[in-house]
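Here is how the chains run, residue by residue.
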Amino acid sequence: MTELEKNDIQGLVFSGYPKNDAASYLMLEVVDPGRARAWLGRIAGLLTAGEPRDYEVTMNLAVTARGLSALGLPKAAIETFSREFREGMAGEEHRSRVLGDTDDSDPSLWLWGARRDPGERPKGCEPIHVMLLVFALDEATLTGALAAERARYAGALREVFVRDTVALPGRREHFGFADGIAQPTIAGSRAGEKPGAQVIKAGEFVFGYPNEYDKLPVSPSVPEALDAGQNLGVARGGAKVSGRDFGHNGTYLVVRQLEQDVARFWGAMADYSRDSSGNIDREGAIKLASKCVGRWPSGAPLVKSPDRDDPKLGNADDFLYAREDPRGLACPIGSHIRRTNPRDSLEPTPEESLEVVDRHRIIRRGRSYGKPLEPFAHETEKTERGLFFACINTNIRRQFEFIQQTWSNNPKFAGLYRDKDPIIGDQPPGDGGTYTIPEAPVRRRLEKLSRFVRVRGGEYFFLPSIRAVRFLAALEATDGVKRADRAAVQETA
């Protein structure tokens, strides 16, 4: 097994920094390429790398395709990145359909990340070039860290959008369910290892290492002449041009702002659980919501505890479907967790299913934002809240987009007919969608299911290695890149 170069890999790959409760995501636009590169040179030494330690402040940095251009990376190098990354999450209409970003989740309504004619720059359409991720032990420490960094990049980058997050009790998300449990373990790293965790080859999450096909993932590269003493490795893994391996120890980072309609979600669960007199069965509503998720609020999987919540099983992830719940009587076949990680339940055999699923895993690094709302509570004033979703993968199309399109939004998933993911699915407008709950002797079907999660922003980023960040900072010395600066400024103006 190839040893991971952890000191060159940004720490977000290995940890979501759970001890750092306060976090802020800053979306930045390059306004002075030379000064922006100088800032990169300074921040490279401050970026958190390797497995998690007890830092008061941790920082990571990601760039978009347009950001690489604005920083001066030549077009030939940018073309070695994946098509999905180059086009961007909202760059093409077909991608919006693939991801379910339609109707009230259409990019035209996004707060950030939307792409429009360069001549038009309404709010939400400003170019995102760089994302700075800052995590801290508490709000006071975060405020100080942000003030210091803002002073450093003043005049070099402009803030387009800032998303502060909150730490909800019990690592739950806004619907009230424990989150982040079923995370894969990266082969060669003990980060996050626990009983039942699926060990996935490092190349699914980091460039430069074999993936689940026993091949090196296609890594972006740069012309050898641009390797200004940064000692990038020789391009491998099917790179489109010869040169130096710019992607080594880096990965793609998918980011989406998912607004959660908590009042509507619990209102629907309550309505579906009313008795013949119209009274709400709260326990029944919680069980129904758990049937939609596939876990109880504590995180206990329905496969292990089908009738009641069991907090002692809150971290349990050592279960399979084909062997323990083939008909979905405990955890419905169309539930959120069964769709996003089908484990051994796909055809033709459990063994082949496990092999296929391992090739579509992602590492999630999401955080909640906004003031929490208790289940069944009434809200008099609309408040922004949701999940700032982030995931790590080396193949956006085969991993993130596949899960979104083929599993979550597929009405015919695993033999179903017209059901979509009841939590994040792009339910049709108007009459809504359906959700089938297998029961004996007669199944139950929820009709007119609303869309509870609305996309409010998103983009595809590249999370470079520390060495690659230093490479970008050193581009200033290359005459050809200086000419590219002018073209980048004109393109993003």
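Provided above is the structure to which this section pertains.
Trainee: Even after reading the chapter, I still don't get the overall build of the chain, so can you show me in this structure?
Mentor: Of the regular secondary structure elements, the chain holds 14 helices and 16 strands. Counting all 493 residues of the chain, 58% fall into the buried class. Within the chain, residue pairs in contact and separated by at least 24 positions form 69% of the contacts whose partners lie at least 6 positions apart. For the chain, the exposed area adds up to about 20500 Å²; of that, 49% sits on carbon and sulfur atoms.

Trainee: Would you take a moment to explain the pairing of strand 2 (residues 57-63) for this structure?
Mentor: Working note: regular strand, side chains alternate between the two faces of the sheet. Counting buried residues in strand 2 gives 6 out of 7 residues, a clear majority hidden from the surface. Bridging between strand 2 and strand 3 (residues 130-136) involves 7 bridges; their strand directions are antiparallel. Counted as the bridge partner of Leu-61 is Leu-132 from strand 3.

Trainee: Just checking my understanding: could you explain a negative patch on the surface for this structure?
Mentor: Taken together, the side chains of Asp-21, Glu-56, Asp-138, Glu-139 and Asp-164 make up a negatively charged region of the molecular surface. Position of Asp-164 relative to the elements: it lies in strand 4 (residues 157-164). Asp-164 gets classed as partly exposed once you look at its relative accessible area, which sits at 43%.

Trainee: So what exactly am I meant to see when it comes to the pairing of strand 1 (residues 22-30) here?
Mentor: Counting buried residues along strand 1, 9 of its 9 residues qualify, which places the element largely inside the surrounding structure. The two faces of strand 1 match: Ala-22, Ser-24, Leu-26, Leu-28 and Val-30 on one face and Ala-23, Tyr-25, Met-27 and Glu-29 on the other face are all buried. In this sheet, strand 3 lies alongside strand 1 in antiparallel orientation, the contact comprising 7 bridges. Bridged to Ala-23 within strand 3 is Phe-135. Sheet topology places strand 1 next to strand 4; 7 bridges connect them, and they run antiparallel. By the bridge assignment, Val-30 is partnered in strand 4 with Leu-157.

Trainee: What is the right way to look at the packing of helix 1 (residues 33-43) against helix 6 (residues 139-153) in this model?
Mentor: When two helices pack together, their arrangement is captured by the angle between the axes and the distance separating the axes. Two elements in contact, helix 1 and helix 6, have axes separated by 9 Å at closest approach and are oriented at 140 degrees. Taken as axis vectors, helix 1 and helix 6 run oblique relative to one another. Counted together, Trp-39, Arg-42 and Ile-43 of helix 1 and Glu-149, Arg-152 and Tyr-153 of helix 6 form the full contact between these two elements. Partitioning the contact of helix 1 with helix 6 into residue classes produces 3 nonpolar, no polar and 3 charged.

Trainee: Honestly, the nonpolar core in this entry has me stumped. Any pointers?
Mentor: Across soluble globular proteins, you tend to see nonpolar side chains buried next to one another. One finds Trp-39, Leu-73, Phe-246 and Met-269 to be the most contacted residues of the largest nonpolar core, which totals 101 residues. If one sorts the elements of this core by residue count, helix 7 (residues 262-272) sits on top with 7 residues. Setting aside chain neighbours within four positions, we find Leu-73 in contact with Leu-68, Ile-78, Phe-81, Val-222, Phe-471, Leu-472 and Leu-475.

Trainee: Looking at this model, I keep getting lost on helix 12 (residues 397-408). Mind explaining?
Mentor: With 12 residues, helix 12 extends only 14 Å from end C-alpha to end C-alpha; this falls clearly short of the ideal 16 Å at 1.5 Å per step. Regarding helix 12, the residues found buried are Arg-398, Gln-399, Phe-400, Glu-401, Ile-403, Gln-404, Trp-407 and Ser-408.

Trainee: Looking at this structure, I do not really get the side chain of Ser-219. What am I missing?
Mentor: Locating Ser-219 in the fold gives a position in the loop between strand 6 (199-200) and strand 7 (221-222). The class for Ser-219 is buried, based on a relative accessible area of 2%. For Ser-219, the side chain forms a polar contact with the side chain of Asp-245, separated by 2.6 Å. For Ser-219, the side chain forms a polar contact with the main-chain nitrogen of Gly-247, separated by 3.5 Å.

Trainee: What should I look at first to understand the pattern of salt bridges in this one?
Mentor: Side chains carrying opposite charge are able to pair once their charged atoms draw close together. Overall, the coordinates contain 30 salt bridges when judged by the stated rule. Two residues, Asp-317 and Arg-343, come together in a salt bridge whose shortest N-O distance is 2.6 Å. Within this pair, whereas Asp-317 is found in the loop between helix 8 (282-293) and helix 9 (321-324), its partner Arg-343 is found in the loop between helix 10 (336-340) and helix 11 (350-358), the two being separated by 26 residues in sequence. Of the two residues examined, Asp-317 and Arg-343, each falls in the buried class. Of the charged contacts, one joins Glu-355 and Arg-359 as a salt bridge, the two residues approaching to 3.3 Å between their closest N and O atoms. Through salt bridges with shared partners, a single ionic network connects Arg-83, Glu-87, Arg-95 and Glu-401.

Parameters at a glance
- Residues numbered from 1 in each chain as written.
- Predicted model: local features only at pLDDT ≥ 70, side-chain atom pairs only at ≥ 80, totals over all residues.
- Heavy atoms only, no water.
- Helix = DSSP H or I, 4+ residues; strand = E, 2+ residues; numbered from the N terminus.
- Buried < 20%, exposed > 50% of the residue type's maximum accessible area, 1.4 Å probe, protein only.
- Contact = heavy atoms within 4.5 Å.
- Areas by Shrake-Rupley, 256 points an atom, 1.4 Å probe, with all protein chains shown as cover.
- Pairing = 2+ DSSP bridges.
- Patch = residues over 30% accessible without salt bridge, like charges linked within 9 Å, V, L, I, M, F, W, Y side chains within 5 Å.
- Salt bridge = Lys/Arg side-chain N within 4 Å of Asp/Glu carboxyl O.
- Lys, Arg positive; Asp, Glu negative; His and termini not counted.
- Charge placed at Lys NZ, Arg CZ, Asp CG, Glu CD.
- Axes fitted to C-alpha atoms, helices over the stretch in contact; angles between N-to-C directions.
- Parallel < 35°, antiparallel > 145°, perpendicular 65-115°, else oblique.
- Nonpolar A, V, L, I, M, F, W, Y, C, P; charged D, E, K, R; others polar.
- Core = buried A, V, L, I, M, F, W, Y, C linked by side-chain atoms within 4.5 Å.
- Expected span 1.5 Å × (residues − 1).
- Polar contact = N/O pair within 3.5 Å; in protein donor to acceptor, adjacent residues only side chain to side chain.

Function-wise, these values are silent; they only describe arrangement.
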